[in-house]
Amino acid sequence: MTRALREAAWTLVLSGMLTSGSIAQETIKVGIIGEFTGSFATSGESYRQGIDAYFAKNGDVVAGKKLELIYRDAAGKPGDAARLAEELVVNEGVKVIGGLTLSSEVAAVAPVMTDAKTPFTSFSAAAPGLAAKSPYFVRAGQDVRASGQAAARSALKNGKRHAYTAVSDYVAGQQAEEAFTAEFKAGGGEIVGQDRIPLSTVDYAPYAERIANANPDVVQIFVPTGAPAVSMLQAIGARGLMKKIMVIGTGAEAEDNDLHLFNDSIDGYYSVMYMTAQLDTPLNKWFREYLVGKFGAEALPNPHSVGAYDGMTIIARMIESQAGKQFDADAAVASVLGYSFEGLRGPMKINDDRELTQNYYLRQVQKVDGRLENVLLETFPNIKP
Amino acid sequence: MLGEMSSIAFIILYGVSYGLVLALIAIGLVVTMGLMRVTNLAHGAFAAIGGYLSTGLMVKGGMPFPLAVLAASLVVALFSIAVERAFYVYLYTAPELEQVLLTIGLDFIAIGALTFFYGPNVYPTPLPFYLAANVDLGIQSIQLYRLAVVAVSLLIIAALWYMFDRTTLGAQIRAAVDNRTMAQSTGINVSRLFSLVFALGSGLAALGGALGAPMLPLEPLYPFKYLILVLIVVALSGFGNVKSVVGVALLVGIVETAGRLLFPSLSGFMIYLLLIVLMIWRRDGLFVTRRAQ
């Protein structure tokens, strides 16, 4: 009796395993390397939000296969990112890797990806020339030089002729400054002062003082999001410059999701970015409402969540191109060249050099219904770095 | 000429206000390191907790800024007695490496806790409207907040000076700094004195963190971010030398501010240059009168 029962039970279990095996959908694995701890952890959180929204909108099945995301935490360390990328490809068998917040991580991961023939995209790294590091790299964020150029054009268009640049002293800041300077001079403007501010700076008041003393009519800013941006912009606000001259940011200093960190002295701050939380397209509106509904009032779209969503669109396109075939990395990358699509940030096109042509938006922080908001002033369409 | 005058005024005003906040945070560390001989790397954590607490009281509790700063400093001072009884008592006789390891561990716990409760981002400290305004001093306009920081810091430093120099408690502390065994044998309860001084030091750190929060923004990594600056002040002040802390902190504040204003790209190095020069020239501390061996 007991024996018969046991056999029956085994048969049931075995048949259950067999059928579930045959019913289960084929999956395809995608690795996401991001910052989920450490000082850049807010970007990792935004990645999760953007990806969550992507699945809510598009489902998780691409070309008949279920997308399985495997998250890894690089915690801001390029060496770890390279090791994790290798582990994802070798042990987990991922076909594409996304995420990679920092340009230094992209640079570290690039040789691994080239050897492993695995396409990868960065949702937010902004250094120029990343595509040259590996033929499998596709950009989903921006080249920071385009921000600098768009800011210079905005300033010139607003009749500004005397510019000051104040950027944090690291690659992204330097590139933004150089791009702004070249474009501003080419348009007939004059640079009255330039500061490269050490990242270790804690009290930014002396820089605000230097800017005020040089008497510019526009000042370009590029400071990392978080404590540096808050200190720098509040020092400028306290010096009374925000209302007096055009203070224009190029480095996501004060995106809408971060505006609650600032006091009212930021009112009047200009910035240029390739996305904007208040962009009035049906897709972005849906995204904004989805994020706020699910993650709270402060979870407004930012470059990281938008980059993750649009990056997932690019990854899905690559996987779709290989439907019904053995996944071929070269063909997958080739399939997105020239690909034009409607992103959260507006129309996007992947160029043949795997960089993006996209819109840039001039915004200004204003009080709307008692709340600080980046109000869209002007769109610079189809900018190519 | 007016430009130069205004630059000098700026360096003095902003350097002094920045230096005094550093002094408030550093005094506590100089006292605890000097008296207790504990390399207390967790000192910055008390400053951070003070800042978070006072900002929380302001933002969530609607408390006015001065009251919130005071309340946070007192709470941290009391809390630090518990920490001292729980951890630091074991460190007094431990080798320096163990002191460093344990206190840096406390830093990590503080960073983890702050991230958990307040998130990884900056925790903004709103400035009350009556401090946010600028006043024009003729040659240079300055934010009222900076002047308030200078006034409050000077007041506290004067009170500390009075306590150290003119009261029995101060005499006891100085005695214990100079020679612990001797102090104990004259009937001073050094163990109780330790708790008291530790609470005072941590409370001052919290005060610096809370008062300085609009200038040095709060973030979970705060305990490490300002540790180097504070340690520089401590190193240049010399062991347990409270009076020279103020002078050294002012010097550091002014050199940093002047560096940023005059040599902006090199300003990251200025402070280390100062440190190297002074450490070679005056190894025992800047304002320390050398004792006969």
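Keep in mind that what you see is a predicted model, and the values were worked out from it rather than measured.

Draft legend 1. Focus on the overall build of chain A. A tally of helices and strands in chain A yields 12 helices and 15 strands. For 385 residues, the compact-globule estimate of 2.2 N^0.38 gives 21 Å, and chain A sits close to it at 23 Å. Among the 385 residues that make up chain A, the fraction classed as buried is 57%. Within chain A, contacts between residues separated by at least 24 positions form 66% of all contacts whose residues are at least 6 apart in sequence. Put simply, chain A shows about 14800 Å² of open surface, and 51% of that area lies on carbon and sulfur atoms. Of the side chains in chain A, 37 bear a positive and 44 a negative charge, and the two mean positions are spaced by 3 Å.

Draft legend 2. Focus on the confidence of the model for chain B. On average, residues of chain B carry a pLDDT of 87, and 96% of them reach 70 or more. In the predicted complex, the global pTM is 0.82; the interface-specific ipTM is 0.76.

Draft legend 3. Focus on the environment of F287(A). Residue and element names in this part refer to chain A. In this fold, F287 is placed in helix α10 (residues 282–295). As for F287 and S335, which are separated by 48 residues in sequence, their C-alpha atoms are 26 Å apart. Setting aside anything within four residues of it in sequence, one finds F287 in contact with G50, A53, P301, S305, V306, Y309 and L344.

Draft legend 4. How the structure looks around the nonpolar core. Core analysis: the biggest nonpolar cluster contains 86 residues, and I27(B), Y88(B) and V252(B) have the highest contact counts within it. Per element, the largest residue contribution to this core is 16 residues, and it comes from helix α1 (residues 2–36) of chain B. Counting 84 residues, the second-largest nonpolar core is a separate cluster that includes I33(A), I70(A), A74(A) and L100(A).

Draft legend 5. Geometry of the confidence of the model for chain A. All names here are of chain A. In the predicted model, chain A carries a mean pLDDT of 91, and the fraction of residues at 70 or more is 94%. Mean pLDDT in chain A bottoms out at helix α1 (residues 2–23), which sits at 58, and peaks at strand β10 (residues 246–249), which reaches 97. In the predicted structure, residues 19–23 sits below a pLDDT of 50 and forms 0 contacts with residues beyond four places in sequence or in another chain.

Draft legend 6. Just the packing of helix α7 (residues 168–178) of chain B against helix α9 (residues 190–212) of chain B, in detail. Residue and element names in this part refer to chain B. Contact pair α7 / α9: the axes reach a minimum separation of 11 Å and the direction vectors enclose 105°. By the criterion of interaxial angle, the relationship of α7 to α9 is roughly perpendicular. Across from L169, Q172, I173 and A176 in α7, the residues of α9 making contact are L193, L196 and V197. Within the contact of α7 with α9, the residues separate by chemical class into 6 nonpolar, 1 polar and no charged.

Draft legend 7. Examining the side chain of E105(A) more closely. Residues and elements named next belong to chain A. You can see E105 is positioned in helix α4 (residues 103–116). Despite its burial, E105 remains without a salt bridge, the nearest opposite charge being carried by K77 at 9.3 Å. Engagement of the side chain of E105 in a polar contact is seen with the backbone nitrogen of T101, the distance being 3.4 Å. Setting aside residues no more than four positions away along its own chain, E105 makes contact with E35, A74, G76, K77, P78, A81 and L100.

Draft legend 8. Representation of the pairing of strand β1 (residues 27–34) of chain A in the model. Residue and element names in this part refer to chain A. Extensive coverage of β1 is indicated by the burial of 6 of its 8 residues. Pairing between β1 and strand β3 (residues 65–73): 8 bridges, direction parallel. Looking across to β3, one finds that K29 is bridged to E68.

Draft legend 9. Structural context of the pattern of salt bridges. Residue and element names in this part refer to chain A. All told, the structure shown has 22 salt bridges over all chains when counted by the stated rule. For D280, the salt bridge goes to K285, with nearest N and O atoms at 3.6 Å. A relative accessible area of 36% places K285 in the partly exposed class. A single salt-bridge network, built from bridges that share partners, covers K29, R72, E87 and E92.

Draft legend 10. View of the interface of chain A and chain B. Contact with chain A, which involves 26 residues of that partner, is made by 30 residues of chain B. Between chain A and chain B, the buried area comes to about 2300 Å², and carbon and sulfur atoms account for 57% of it. Looking only at chain A, the three residues that lose the most surface to chain B are V202(A), D203(A) and L261(A), adding up to 24% of its buried area. Among the salt bridges present, the one from R146(B) reaches D203(A), with a minimum N-O distance of 2.9 Å. Elements with a minimum of two residues in the side of chain A that touches chain B: α2 (41–58), β8 (190–197), α7 (205–214) and α8 (227–238) of chain A. Among the elements that take part in the side of chain A that touches chain B, α7(A) stands out by supplying 6 residues, more than any other.

About the criteria used
Residues numbered from 1 in each chain as written. Chains lettered and ligands numbered in written order. Predicted model: local features only at pLDDT ≥ 70, side-chain atom pairs only at ≥ 80, totals over all residues. Heavy atoms only, no water. Helix = DSSP H or I, 4+ residues; strand = E, 2+ residues; numbered from the N terminus. Rg over C-alpha atoms; globule rule 2.2 N^0.38 Å. Buried < 20%, exposed > 50% of the residue type's maximum accessible area, 1.4 Å probe, protein only. Contact = heavy atoms within 4.5 Å. Areas by Shrake-Rupley, 256 points an atom, 1.4 Å probe, with all protein chains shown as cover. Lys, Arg positive; Asp, Glu negative; His and termini not counted. Charge placed at Lys NZ, Arg CZ, Asp CG, Glu CD. pLDDT = per-residue confidence, 0-100. Core = buried A, V, L, I, M, F, W, Y, C linked by side-chain atoms within 4.5 Å. Axes fitted to C-alpha atoms, helices over the stretch in contact; angles between N-to-C directions. Parallel < 35°, antiparallel > 145°, perpendicular 65-115°, else oblique. Nonpolar A, V, L, I, M, F, W, Y, C, P; charged D, E, K, R; others polar. Salt bridge = Lys/Arg side-chain N within 4 Å of Asp/Glu carboxyl O. Polar contact = N/O pair within 3.5 Å; in protein donor to acceptor, adjacent residues only side chain to side chain. Pairing = 2+ DSSP bridges. Buried area = accessible area lost by both parts, 1.4 Å probe.

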